[in-house]
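# Architecture at a glance
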Amino acid sequence: MLSIEPGSMSERENYKFLIGSIIPRPIAFVTTTSKDGILNGAPFSYFNIVSSNPPMISLSIQRSEGKQKDTARNIIESKQFVVHIVDEQNVEKINKTAASLAPNQSEIELANLTPVESVKISVPGVKEAKIRMECSLEHSLELGGSDSPGSDLIIGKVVQFHIEQDIYKNGRIDPSGLAAVSRLAGDNYAKIGEIFEVKRPK
């Protein structure tokens with residue numbers, strides 16, 4: 001077995017080890033609004049649950065050469081954002097939003113996604129997602145980097161859920177109906193695949 005010291009590798013080499021090892025990763029498609037009123041959207045796979053009481057989620061938004069991404073800056077400034085689950089039906093459109101655009105350009109327009117008003121916050125979501133979560137910023141934290149921060153850790157509180165009726169059954173979300181996709185490494189994604197059950201010990 002290989003044993004490698006992270007400090008002996010470049011940021012890119014550590015990145016490849018992490019994204020190749022920690023798989024599959026759920027994908028959050030995040031919409032934010034800039035101070036100029038531009039609706040931005042971007043996908044992130046450094047994403048997970050933090051708490052259910054209250055319901056909170058986390059996003060880690062990596063910086064490029066120390067420069068904060070539009071999504072992180074918009075969240076920190078407006079204190080609001082919407083998280084959508086990426087699925088088999090919307091992944092192609094959402095992949096287009098990963099393009100590098102100027103802050104005054106909307107990825108939503110580029111990908112031909114349909115804005116939809118939120119209930120509790122001012123940031124719109126997109127209609128093409130089966131699940132979306134309106135969030136308010138709970139905490140933001142600058143992390144890593146030897147000279148400047150390498151990422152922005154965002155913790156958001158879910159203030160409103162929107163779930164497509166067809167995938168909501170008996171108080172639960174049907175994983176097959178949701179058909180969420182996950183991120184692997186490179187250009188690779190994965191579907192849910194076979195679902196199996198293992199009983200938890202009491």
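Residues numbered from 1 in each chain as written. Predicted model: local features only at pLDDT ≥ 70, side-chain atom pairs only at ≥ 80, totals over all residues. Heavy atoms only, no water.

Ranked by internal contacts, the top residues of the largest apolar core, which has 22 residues, are V30, I57, L59, I75, F81 and V83. Secondary structure elements with two or more residues in this core: β2 (28–33), β3 (39–44), β5 (55–62), α2 (70–78), β6 (80–85), β9 (131–143) and β10 (151–163). Setting aside chain neighbours within four positions, we find I75 in contact with V30, T32, L59, I61, Q80, F81, L137 and I154. Core analysis: the next-biggest nonpolar cluster, separate from the first, contains 14 residues, F29, L39, I121 and V181 among them. (Core = buried A, V, L, I, M, F, W, Y, C linked by side-chain atoms within 4.5 Å. Buried < 20%, exposed > 50% of the residue type's maximum accessible area, 1.4 Å probe, protein only. Helix = DSSP H or I, 4+ residues; strand = E, 2+ residues; numbered from the N terminus. Contact = heavy atoms within 4.5 Å.)

A surface patch of nonpolar side chains, amounting to about 360 Å² of accessible area, comprises F161, I163, Y168 and I173. Along the chain, Y168 falls in strand β11 (residues 168–169). (Patch = residues over 30% accessible without salt bridge, like charges linked within 9 Å, V, L, I, M, F, W, Y side chains within 5 Å. Areas by Shrake-Rupley, 256 points an atom, 1.4 Å probe, with all protein chains shown as cover. Salt bridge = Lys/Arg side-chain N within 4 Å of Asp/Glu carboxyl O.)

What follows deals with unusual backbone geometry. In the segment running from I23 into P24, the intervening peptide bond is cis, with an omega of -10°. Going from N53 to P54, the amide bond is cis rather than trans, its omega being 0°. Of note in this structure, A179 is not a glycine but carries a positive phi near 50°.

Moving on, we get to the sheet that holds strand β1 (residues 25–26). With respect to topology, 3 strands assemble into an open sheet ordered β1-β13-β14, the strand pairing being antiparallel. Of all strands in the sheet, those bounded by a partner on one side alone are β1 and β14 (189–190). Two strands pair when backbone bridges link them, and strand β13 (residues 182–183) and β14 are joined in this way by 2 bridges, in the antiparallel orientation. By the bridge assignment for β14, R183 is matched with Y189. (Pairing = 2+ DSSP bridges.)

Taken as a whole, the second largest pocket encloses approximately 750 Å³ of empty space. If you trace the second largest pocket, you find 29 residues lining it, with F47, I49, I85, M133 and L178 closest to the centre. Mapped onto the lining of the second largest pocket, the elements with two or more residues apiece are β1, β4 (47–52), β5, β9, β10 and α5 (175–178). Here the element with the most residues in the lining of the second largest pocket is β4; it accounts for 5 residues. (1 Å grid on protein atoms, 1.4 Å probe; cavity = no way out; pocket = protein on both sides within 12 Å on 5 of 7 lines; lining within 4 Å. Points joined across faces, edges and corners; volume = space filled by probe spheres on them.)

On to the pattern of salt bridges. Enumeration over the complete set of coordinates arrives at 6 salt bridges. Close ionic contact of R73 with D70 constitutes a salt bridge, the shortest N to O distance being 2.7 Å. Placement of both R73 and D70 in helix α2 is noted, with a separation of 3 residues, approximately one turn of the helix. E197 is paired through a salt bridge with K199; the nearest N and O atoms lie 3.1 Å apart. When sorted by exposure, E197 lands in the same class as K199, which is exposed. Salt bridges linked by common partners bring R63, E142 and D152 together as one network.

The next thing to look at is the confidence of the model for the protein. When pLDDT is averaged along the protein, the result is 94, and 99% of the positions lie at 70 or above. Of all helices and strands in the protein, the one with the weakest mean pLDDT is helix α4 (residues 107–110) (91), whereas β6 scores best (98). (pLDDT = per-residue confidence, 0-100.)

In this section: the side chain of H162. Counting through the fold element by element, H162 comes out in strand β10. You can call H162 buried: its relative accessible area is 16%. Engagement of the side chain of H162 in a polar contact is seen with the side chain of E134, the distance being 2.6 Å. Once residues lying within four places of it in the same chain are set aside, the contact partners of H162 are V119, K130, I131, R132 and E134. (Polar contact = N/O pair within 3.5 Å; in protein donor to acceptor, adjacent residues only side chain to side chain.)

Let's shift gears to the side chain of D152. On the secondary structure map, D152 appears in strand β10. A polar atom in the side chain of D152 sits 2.8 Å from the side chain of R63. A distance of 3.1 Å separates the side chain of D152 from the side chain of Q68, its partner in a polar contact. In contact with D152, not counting residues within four places along its chain, are L59, S60, I61, R63, Q68, A72, I76, L141 and E142.

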